Amino acid sequence: MGSANIAFHEVGRQAIFADPNWRGGHYWRAGVIPERGLAVARMVAHITYLSEQALTRKFGRRLRAAPIADPLAPFSDVFEVESYLHHQGSTFVRRFDANSYVTITRAMDHFDLAAEAGGDLAAAFRGTPTRFCLVSFSSDWLFPTQESRAIVRALNQVAANVSFVEIETDKGHDAFLLDEPDFHRTVAGFLAGSAEHAGLG
Amino acid sequence: MDQGPVQFLAKNLRVDLRLIAEMIAPGARVLDIGCGDGTLIDHLYRTKGCDARGIEIDMKVVTSAIARGLPVMQGDADVDLAHYPDGAFDYVVLSRTLQAVGRPREVLRQMLRIGTRAVVSFPNFGHWQVRLQLLLGGRMPMTAVWDRPWYETPNIHPCTIADFFALCAAEGYEVERWLAADEAGRRAPWRRSARLANLFGEQAVFLLRARR
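All figures in this text were calculated on a predicted structure; none of them were measured in a lab. (Residues numbered from 1 in each chain as written. Chains lettered and ligands numbered in written order. Predicted model: local features only at pLDDT ≥ 70, side-chain atom pairs only at ≥ 80, totals over all residues. Heavy atoms only, no water.)

Overview of the packing of aromatic side chains
Residue and element names in this part refer to chain A.
- Considering all chains together, one arrives at 18 aromatic pairs over all chains under this definition.
- Arranged with centres 5.2 Å apart and planes meeting at 45°, the rings of F17 and W22 form a pair that is tilted.
- Judged by relative accessible area, which is 27%, F17 ranks as partly exposed. (Phe/Tyr/Trp six-rings, centres within 6.5 Å; stacked < 30°, edge-to-face > 60°. Buried < 20%, exposed > 50% of the residue type's maximum accessible area, 1.4 Å probe, protein only.)

Let's talk about the nonpolar core
All names here are of chain B.
- Counting residues in hydrophobic clusters, the biggest one holds 43 residues, and the most contacted among them are L31, M111, V120, F164 and L208.
- Looking at this core, the element that brings in the most residues is helix α5 (residues 104-114), giving 5 residues.
- In this view, V120 contacts L94, L98, L108, M111, F164, A204, V205, F206 and L208; residues no more than four positions away in its chain are not counted.
- Listed in part, the 34 residues of the second largest apolar core include L17, I20, A21 and L44. (Core = buried A, V, L, I, M, F, W, Y, C linked by side-chain atoms within 4.5 Å. Helix = DSSP H or I, 4+ residues; strand = E, 2+ residues; numbered from the N terminus. Contact = heavy atoms within 4.5 Å.)

What about the interface of chain A and chain B?
- Taken together, the contact between chain A and chain B spans 27 residues of the former and 23 residues of the latter.
- Here chain A meets chain B over a buried area of about 2100 Å², counting both sides, of which 56% is carbon and sulfur.
- On the chain A side of the contact with chain B, A:N156, A:R185 and A:E196 bury the most area, a combined 25% of that side's loss.
- The interface formed by chain A and chain B contains 2 salt bridges.
- The partner of B:K60 in a salt bridge is A:D182, and the shortest N-O contact between them spans 3.2 Å. (Buried area = accessible area lost by both parts, 1.4 Å probe. Salt bridge = Lys/Arg side-chain N within 4 Å of Asp/Glu carboxyl O.)

Considerations on the side chain of A:E180
All names here are of chain A.
- Within the element layout of this structure, E180 appears in the loop between β4 (161-167) and α10 (181-197).
- By relative accessible area, which is 8% here, E180 ends up buried.
- Reaching out from E180, the side chain makes a polar contact with the side chain of T169 at a distance of 2.7 Å. (Polar contact = N/O pair within 3.5 Å; in protein donor to acceptor, adjacent residues only side chain to side chain.)

What about the pattern of salt bridges?
All names here are of chain A.
- Under the counting rule described, the total for this entry stands at 21 salt bridges over all chains.
- Among the ionic pairs, R13 bridges to E10, the shortest N-O distance being 3.1 Å. Note that R13 and E10 are positioned in helix α1 (residues 3-18) at a spacing of 3 residues, about one turn of the helix.
- For R13, a relative accessible area of 4% puts it in the buried group.
- Take E10: its relative accessible area is 28%, and that puts it in the partly exposed class.
- R62 is the salt-bridge partner of E80, the closest N and O atoms lying 3.5 Å from each other. Taken as a pair, E80 in helix α5 (residues 80-95) and R62 in the loop between α4 (52-58) and β1 (63-64) lie far apart in primary sequence, 18 residues in all.
- By relative accessible area, which is 40% here, R62 ends up partly exposed.

Looking at the pairing of β4(A)
Residue and element names in this part refer to chain A.
- For β4, a buried count of 7 out of 7 residues is recorded, marking the element as mostly surrounded by other parts of the structure.
- By the alternation rule, side chains of β4 split into N161, S163, V165 and I167 and V162, F164 and E166, which are all buried.
- Pairing between strand β3 (residues 131-137) and β4: 7 bridges, direction parallel. Its bridge partner being in β4, C133 is matched across the sheet by S163. (Pairing = 2+ DSSP bridges.)

Some remarks on the layout of surface pockets
- Looking at the largest pocket, its volume works out to about 780 Å³.
- Put simply, the parts of the chain that give the lining of the largest pocket at least two residues each are α6 (98-110), α7 (113-116), α8 (121-125), β3, α9 (145-157) and α10 of chain A.
- Broken down by element, the residue count for the lining of the largest pocket peaks at 5 residues, all from β3(A).
- The residue makeup of the lining of the largest pocket, split by class, is 19 nonpolar, 3 polar and 4 charged.
- Secondary-structure elements contributing two or more residues to the lining of the second largest pocket are β1 (29-33), α2 (39-48), β2 (51-56) and α4 (77-80) of chain B.
- Among the residues forming the lining of the second largest pocket, the class breakdown is 10 nonpolar, 7 polar and 7 charged. (1 Å grid on protein atoms, 1.4 Å probe; cavity = no way out; pocket = protein on both sides within 12 Å on 5 of 7 lines; lining within 4 Å. Points joined across faces, edges and corners; volume = space filled by probe spheres on them. Nonpolar A, V, L, I, M, F, W, Y, C, P; charged D, E, K, R; others polar.)

Concerning α6(A)
All names here are of chain A.
- Its 13 residues place the ends of α6 18 Å apart at the C-alpha level, agreeing with the 18 Å of an ideal helix rising 1.5 Å per residue.
- Residues of α6 that are buried include every one of A98, Y101, V102, T105 and D109, and no others. Buried residues of α6, viewed axially, fall in a sector of 95°; they line one side. Every exposed residue of α6 that faces more than 90 degrees away from the buried side is listed here: T103 and H110.
- Those residues of α6 that are buried lie in contact with α1, α2 (27-30), α3 (35-49) and α5.
- Regarding α6, its N-cap is D97, as a side-chain oxygen of that residue lies 3.3 Å from the backbone nitrogen of N99 further along. (Expected span 1.5 Å × (residues − 1). Arc of directions from axis to C-beta.)

Points about the packing of α1(A) against α6(A)
All names here are of chain A.
- Running from N to C, α1 and α6 cross one another at 160°; their axes reach a closest spacing of 10 Å. When the axis of α1 is compared with that of α6, the two are roughly antiparallel. For the pair α1 and α6, the sense of crossing is left-handed. Between α1 and α6, the contacting residues are I6, H9, R13, I16 and F17 on the first element and A98, Y101, V102, T105, R106, M108 and D109 on the second.
- Considering only residue class, the contact of α1 with α6 consists of 7 nonpolar, 2 polar and 3 charged. (Axes fitted to C-alpha atoms, helices over the stretch in contact; angles between N-to-C directions. Parallel < 35°, antiparallel > 145°, perpendicular 65-115°, else oblique. Left-handed = near helix turned anticlockwise from the far one by under 90°.)

Focus on the domain arrangement of chain A
All names here are of chain A.
- Structurally, chain A comprises domain 1 (3-110) and domain 2 (114-197).
- A C-alpha centroid distance of 29 Å is found between domain 1 and domain 2.
- Contacts between the two partners involve 11 residues from domain 1, matched on the other side by 9 residues from domain 2.
- Between domain 1 and domain 2, roughly 910 Å² of surface is buried when both sides are summed, and carbon and sulfur atoms account for 53% of that area.
- Among the residues of domain 1 in contact with domain 2, N5, T48 and Y49 are the three that bury the most area, contributing 47% of the side total.
- At the boundary of domain 1 and domain 2, one finds 1 salt bridge.
- Between R57 and D170 there is a salt bridge, with its nearest N and O atoms 2.8 Å apart.
- At the junction of domain 1 with domain 2, the criterion picks out 6 residue pairs in polar contact (both at pLDDT 80 or more).
- The set of elements that each furnish at least two residues to the side of domain 1 that touches domain 2 consists of α1, α3 and α4.
- If one sorts the elements of the side of domain 1 that touches domain 2 by residue count, α3 sits on top with 4 residues. (Domains from an automatic or database assignment.)

Below, the structure is given as structure tokens:
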């Protein structure tokens, strides 16, 4: 996790903490959930999963008209991207617990493989017999290609067996969930090759 | 769609790849720089049990190589060799790529640092057709091997067989084996003469070792 990713996580956590229903994490005793805060956390995070191009393609600046035109509220029309994020936020609240969200994002922030190996990422991989495959997406700014390359360099330093490719896509980080034929071809080929080398082919 | 790993037989290998494969000992650790779709590393793994891996600069080509189950990483020979440890491989292969890298001498140094031996193949700019075209036509040569105009060729560092011998001498590399061939892979009749090979060979393959 780079500094920017930790920063986005912290915005999400602060949104949860600012919800009056949070109650210092003891919301479950009162039978309530900090839905507003959790929804905002999800909205922020969701933006980091998309790319500028994907957002423009999906929503652009299109507006959704307010149900009732109110002359006293001139900007009541909602951008489609806003309504999309509201939906993402409200559905997330139903399936994710706030304490889990805070704990898991913190765990991700604190995970540092290099630190565990004395500050040298390559040392963490020394002597590994594992075959590695790294795939990055060109429009992913949450885990950009240069960070994958840093891992590849560390693996090269110990002459580990590593495959690496960047898949050209405008779908951002979420590309790994979507229909990206090159990505699926890559993963399937790598797994088949590894199975063959392991004598399972 | 996805056919999985494909078995390539020697007869399907590009001529220079077949000549390179002949120079590599079974079971060796091999790094193929500019490996393309990984045909050579697949061949070395299947026929000689080598631990063969590749680096290729073209993303699309890397994708299809990994999709075939081959350990290939996208990378640039001019940059990425520096990260490997000394002596990590028995052979480092550079097939028809030397003439296209930014700093050929530095790439060779890196190859012989990270590998015990280097296998280098390149198209020979000293071939008589190339010489004749420049001499008589006064224009940059265009042949079956050198088939792109000067303004768009990726081959920015062409060299002749004689040039390559000179570089090996200057850098202190021992030429353990070398051969020149035409595009069809025929080696005779100028097999033993470097001067004749430089005139009639369309491509050359060298097996190098750093002098200890």
